[in-house]
Amino acid sequence: MSSVHLEPQDLPDVAPHNHGRTTAGWVTNVGLVLAAILVSLGIAIPVHAVTFVGIGVAVVSLAAGAALRALGHGQPLS
């Protein structure tokens, strides 16, 4: 039995029910997976151009996810 007793006013707010399944989350995740594949291929077969394209895809996907979240297509901050 736990010795910690929390009052209802001390509990955090209820989390949104989308579980992170938002447009911003999907765009960021798919972009980062594609970037990881490109970077790993560029390292495995030593083609530096493919590696740098993968890094660029990662940066663009992070920026796109941040922009979509700012436009209201992502998880709310609070």
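Going by the structure above, here's the rest.
This write-up is about the structure you can find in this document. Owing to the predicted nature of the structure, the values given are computational and were not obtained by experimental measurement.

What follows covers the overall build of the protein chain. Helices and strands together make up the secondary structure of the protein chain, namely 2 helices and 0 strands. The long-range share in the protein chain, meaning contacts at least 24 apart out of those at least 6 apart in sequence, stands at 57%. With an accessible surface of roughly 6100 Å², the protein chain has 71% of that area assigned to carbon and sulfur atoms.

Now for the packing of helix α1 (residues 23-44) against helix α2 (residues 48-70). It is the contact of α1 with α2, at a shortest axis distance of 7 Å, that shows an interaxial angle of 170 degrees. Classified by the interaxial angle, the pair formed by α1 and α2 is roughly antiparallel.

The topology assignment puts Gly42 in helix α1. The class for Gly42 is buried, based on a relative accessible area of 4%. For the pair formed by Gly42 and Phe52, sequence separation is 10 residues and the distance between their alpha carbons is 8.1 Å.

Cut-offs and rules
- Here the residue index of a chain counts from 1 through its sequence in written order.
- Residue-level local features of this predicted model are given only where pLDDT is at least 70; pairs of side-chain atoms are given and counted only at 80 or more, and the full residue set underlies all totals for whole chains, interfaces and linings.
- Side-chain descriptors were evaluated using all non-hydrogen atoms of the structure, hydrogens and water having been removed beforehand.
- Per the convention used, a helix needs a DSSP run of H or I reaching at least four residues, while a strand needs a run of E reaching at least two, with both numbered from the N terminus.
- Two residues qualify as a contact provided that any one of their heavy atoms is within 4.5 Å of a heavy atom in the partner residue.
- Values of accessible area rely on a 1.4 Å probe in the Shrake-Rupley scheme; residue burial ignores everything except the protein chains shown.
- Axis definition: a line fitted to C-alpha atoms, limited for helices to the stretch in contact. Angles are taken between N-to-C directions and run from 0 to 180 degrees.
- Roughly parallel covers angles under 35 degrees, roughly antiparallel covers those over 145, roughly perpendicular covers 65 to 115, and oblique covers all other angles.
- Using a 1.4 Å probe on the protein chains alone, a residue whose accessible area is under 20% of its type maximum counts as buried, one over 50% counts as exposed, and one in between counts as partly exposed.

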